[in-house]
2 protein chains.
Amino acid sequence: MKDSLVFGVDVGGTSIKIGVFNLEGELLLNDEITTNVLENTIIKDIADFIINYIYDNKKTIIDITGIGLGLPGPVNDFGEVQKCVNLNWGVFNIEEEFKNIFINEYFEKFNKKVDRNEVFIKATNDANCAGLGENWKGSAKNFKNSVFITLGTGLGGAIIINEKIVNGNNGAAGEIGHIVVDYDEKELCSCGKTGCLEQKVSATGIVKIAKKLFEDNNKENNKDNNTENKLNNDLSAKKESLTAKDIFDAAKTGNEFANEVIEIYSKYLGIGLSHVATLVNPEAFIFGGGMSKAGELVYNRAIKYFDKYVFLPCKNVSFNLAELGNKAGMYGAAFYVLSCKDKK
Amino acid sequence: MKDSLVFGVDVGGTSIKIGVFNLEGELLLNDEITTNVLENTIIKDIADFIINYIYDNKKTIIDITGIGLGLPGPVNDFGEVQKCVNLNWGVFNIEEEFKNIFINEYFEKFNKKVDRNEVFIKATNDANCAGLGENWKGSAKNFKNSVFITLGTGLGGAIIINEKIVNGNNGAAGEIGHIVVDYDEKELCSCGKTGCLEQKVSATGIVKIAKKLFEDNNKENNKDNNTENKLNNDLSAKKESLTAKDIFDAAKTGNEFANEVIEIYSKYLGIGLSHVATLVNPEAFIFGGGMSKAGELVYNRAIKYFDKYVFLPCKNVSFNLAELGNKAGMYGAAFYVLSCKDKK
């Protein structure tokens, strides 16, 4: 057991990150392979990587404690993926399928048959993995109850209670981005309904907030010329190609309009976080994803609204930046399979 | 162990319900004593009841597997109550205090000293107990993940994941009634903030909705006489003394105004439930409390809004009425202490 390995695999739409860990959670090696969606060799490519690694390191299947997979879509407790749009996958049992392919590939390499129960594989959602990774070795490691929030292109979440992920009935729990916050929204969210938090709190959401504010200010402008100076020329000129980065950059230089946009964004984020805290009463929020780097500008402002809207006995929550960056998913996938092994 | 007993105690502001169970969860006896808030003999009264029961039944401390307490306020995992306003209690460790008093009273009755670790007592919030009770022996008994909702004077909730309560960092999780749903509300909720779901979805909330609709219709009325016929004479006359029951009774007879009020109430309930389902993805909602008896009128309408606002992968939730009535708390308190014993 001393030299046993655990593999943490974070499967994304363009690349697959693979981490090799010892049982203490020390990262021995990490690598990245391309996600071959077109030829659908994703599972085989992962299996081959692992098999080649153990072969090259003069190890065998008995040295693998487990393989954890983080996938971009819901996975239920039985290992069934519901649909991974980015991978072009339908509904099937990824754990069983992985075993089939792994056993085949292992035979090819070692010329030895592996028994099904010698391969211990567990899969869960990638946001869950990132949350578990931070909980294991990142900025949530001192908390038993934490909620991980990804602020990026979208808005993801993972709820961890007593160091276990809340996965829900079909692996779809923790979807903070799809809480409804705007009951009157007409535009569709990517999820198919309207008024989701992600339609406000995301890279595209903040641009939409800015465009709406432009329009509102322009209307207002016909009545009142004072608002003219709010429309910073730089941003106004960019109107069509405006990005989240433009807004944050402008806000940092004190641009009033950009700051107003971020204020609206932060209000919605604060509301969403207040819902989460009122329902699960965590010790900490951990913020990851590209937009969390705007730290002070984003979540520090959200705290004001969080404090206003959260149930008072749940107010005492620590706000933290994630520490593991894009390695969090690998860590969490490894931790997940280890924690499932404990339960067996 | 065969004849071992477990006590489930549901402490309310006016009465304390005590159930005596065997380890299979069969209710052997249930009784009710008055909550003596004035003289603060609550703990002693419960201890005496239990001690007298075992004395009369020729049993001793070794026949008690555990004592579970459900309390009207948050209790953290270490047994500290934060504040039970209805009992006039501050912040203290109820489990330790109960042991002290129990050991004293036991000595008085049996003239025998009991060791502290012979008394196994666990306390949690009363809404959690009701949820756990339904999960153990009521309408949630076939579900691993369920959320219990009390529709009554207030709006309470309990989240159960893998048959365990989500208690949160300081015992305040599951407070669905204090999710913010009206960002612009000016009036204070009993919890000290504004815009809570409970300000809409509760016996007092629905009356407020009705009064606001009266006013809005009256304003509208100055412009448009057609709304006059919406204001049913019966309800209009009662305006000052209007109760939730009046509204439900009127709605049952087809009163248009009352139905409009219930539609607004149901919309907010649907929104709140959609938040819960999107975050924890349960299999079932269980509705208890006085207003759940209006069943079809209340939660069946809420389903329409729930379906509109919930994240699609979390939509498939079964809506059920609670089965154990006001015994749910006793059952759940007994189950809670048993489940904590398992973990020891």
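For the structure itself, consult the block above.
### Some points on the nonpolar core
Ranked by size, the top nonpolar core spans 120 residues in total, and within it A:Leu151, A:Ile206, A:Phe285, B:Leu151, B:Ile206 and B:Phe285 carry the most contacts. When near neighbours in sequence (up to four residues on either side) are disregarded, A:Leu151 contacts A:Val201, A:Tyr265, A:Leu269, A:Phe287, A:Gly288, A:Gly289, A:Gly290, A:Met291, A:Ser292 and A:Val298. Core analysis: the next-biggest nonpolar cluster, separate from the first, contains 36 residues, A:Tyr53, A:Ile64, A:Ile101 and A:Phe102 among them.

### Structural notes on the pairing of strand β4 (residues 64–71) of chain B
Residue and element names in this part refer to chain B. Among the 8 residues of β4, 8 are classified as buried, and the element is accordingly described as predominantly covered. Note: strand β1 (residues 5–11) against β4, 6 bridges, orientation parallel. Its bridge partner being in β4, phenylalanine 7 is matched across the sheet by isoleucine 67. Bridging between β4 and strand β7 (residues 121–125) involves 5 bridges; their strand directions are parallel. Bridged to leucine 69 within β7 is alanine 123.

### Some details on the packing of helix α1 (residues 42–56) of chain B against helix α2 (residues 94–110) of chain B
Residue and element names in this part refer to chain B. Between α1 and α2, whose axes approach to 9 Å, the crossing angle comes to 45°. As far as their axial angle goes, α2 and α1 are oblique. The element α1 and its partner α2 pack so that their crossing is right-handed. Residues Ile43, Lys44, Ile46, Ala47, Asp48, Ile50, Ile51, Asn52, Ile54 and Tyr55 of α1 form the contact with α2, whose participating residues are Ile94, Glu97, Phe98, Ile101, Phe102, Glu105, Tyr106, Lys109 and Phe110.

### Some words on the sheet that holds strand β3 (residues 27–34) of chain A
Residues and elements named next belong to chain A. Read across the open sheet, the 5 strands follow the order β3-β2-β1-β4-β7; overall the sheet is mixed. The outermost strands of the open sheet, each flanked by one partner alone, are β3 and β7 (121–125). On average, adjacent strands in this sheet sit at an angle of 15° to one another, irrespective of strand direction. Taken together, the 7 bridges between strand β1 (residues 5–11) and strand β2 (residues 15–22) define a ladder with antiparallel strand orientation. Its bridge partner lying in β2, leucine 5 is registered against asparagine 22. Packed on one face of the sheet, helix α3 (residues 126–137) meets β1, β4 (64–71) and β7 and runs near 100° to β7.

### Examining α2(B)
Residues and elements named next belong to chain B. With 17 residues, α2 ought to run about 24 Å at 1.5 Å a step, and its terminal C-alpha atoms sit 23 Å apart, in line with that. Summarising the contacts, the buried residues of α2 are in contact with α1, β4, β5 (80–81), β6 (92–93) and β7. Put simply, asparagine 93 is the residue that caps the front of α2, since its side-chain oxygen is 3.0 Å from the backbone nitrogen of glutamate 95. Just downstream of α2 lies asparagine 111, where phi reads positive at about 55°.

### Section: the relation of the copies chain B and chain A
In screw terms, the move from chain B to chain A is a rotation of 180° and a rise of 0.0 Å along the axis, fitting with an RMSD of 0.0 Å. Read as a symmetry element, the transformation amounts to a two-fold axis. Measuring from the rotation axis to each C-alpha of chain B, the shortest distance belongs to B:His275, at 3.8 Å.

### Some thoughts on helix α3 (residues 126–137) of chain B
All names here are of chain B. Helix length check: α3, at 12 residues, gives a terminal C-alpha distance of 16 Å against a target of 16 Å (1.5 Å per residue), a fit within 8%. All buried positions along α3 are accounted for by Ala127, Asn128, Cys129, Ala130, Gly131, Leu132, Gly133, Glu134, Asn135 and Trp136. Among the residues of α3, the N-terminal cap falls to asparagine 125, whose side-chain oxygen and the backbone nitrogen of alanine 127 are separated by 2.9 Å.

### Section: the side chain of A:Ser266
Note that A:Ser266 resides in helix α7 (residues 256–280). Residues contacting A:Ser266, with those up to four places away along its chain left out, are A:Leu297, A:Val298, A:Arg301, A:Ala302 and A:Tyr305.

### Notes on the packing of aromatic side chains
Taken as a whole and assessed by the stated rule, the structure comprises 37 aromatic pairs over all chains. Ring centres of B:Phe306 and B:Phe319 lie 5.4 Å apart, and the angle between their planes is 75°; this geometry places the pair in the edge-to-face category. Here B:Phe306, found in helix α8 (residues 295–309), pairs with B:Phe319, found in strand β12 (residues 318–321); they are 13 residues apart in sequence, far enough to count as distant. By relative accessible area, which is 0% here, B:Phe306 ends up buried. By relative accessible area, which is 15% here, B:Phe319 ends up buried. Through pairs of rings, three or more aromatic residues link up here, namely A:Tyr55, A:Phe98, A:Phe102, A:Tyr106 and A:Phe110. Here the basic side chain of A:Lys109 rests over the ring of A:Tyr55, its NZ or CZ set 4.7 Å away from the ring centre. Taking the ring centre of A:Trp136 as reference, the NZ or CZ of A:Lys137 above it sits at 5.3 Å.

### Examining the interface of chain B and chain A
Chain B puts 39 residues into the contact, and the matching count from chain A is 39 residues. Both sides of the chain B and chain A interface together cover about 3500 Å² of buried area, and 62% of this is carbon and sulfur. For chain B, the biggest contributors to the area lost against chain A are B:Tyr183, B:Leu279 and B:Phe311; these three give 22% of the whole. Summed over the shared surface of chain B and chain A, the number is 0 salt bridges. The tally of links between chain B and chain A comes to 19 residue pairs in polar contact (both at pLDDT 80 or more). Breaking the side of chain B that touches chain A down by element, the ones donating at least two residues are β9 (155–161), α7 (256–280) and α8 of chain B. For the side of chain B that touches chain A, the leading source of residues is α7(B), giving 8 residues. Looking at the side of chain B that touches chain A, its residues break down into 22 nonpolar, 12 polar and 5 charged.

Conventions adopted
- Residues numbered from 1 in each chain as written.
- Chains lettered and ligands numbered in written order.
- Predicted model: local features only at pLDDT ≥ 70, side-chain atom pairs only at ≥ 80, totals over all residues.
- Heavy atoms only, no water.
- Core = buried A, V, L, I, M, F, W, Y, C linked by side-chain atoms within 4.5 Å.
- Buried < 20%, exposed > 50% of the residue type's maximum accessible area, 1.4 Å probe, protein only.
- Contact = heavy atoms within 4.5 Å.
- Helix = DSSP H or I, 4+ residues; strand = E, 2+ residues; numbered from the N terminus.
- Pairing = 2+ DSSP bridges.
- Axes fitted to C-alpha atoms, helices over the stretch in contact; angles between N-to-C directions.
- Parallel < 35°, antiparallel > 145°, perpendicular 65-115°, else oblique.
- Left-handed = near helix turned anticlockwise from the far one by under 90°.
- Expected span 1.5 Å × (residues − 1).
- Polar contact = N/O pair within 3.5 Å; in protein donor to acceptor, adjacent residues only side chain to side chain.
- Least-squares fit on C-alpha atoms with pLDDT ≥ 70 in both.
- Phe/Tyr/Trp six-rings, centres within 6.5 Å; stacked < 30°, edge-to-face > 60°.
- Lys NZ or Arg CZ within 6 Å of the ring centre and 35° of its normal.
- Buried area = accessible area lost by both parts, 1.4 Å probe.
- Salt bridge = Lys/Arg side-chain N within 4 Å of Asp/Glu carboxyl O.
- Nonpolar A, V, L, I, M, F, W, Y, C, P; charged D, E, K, R; others polar.

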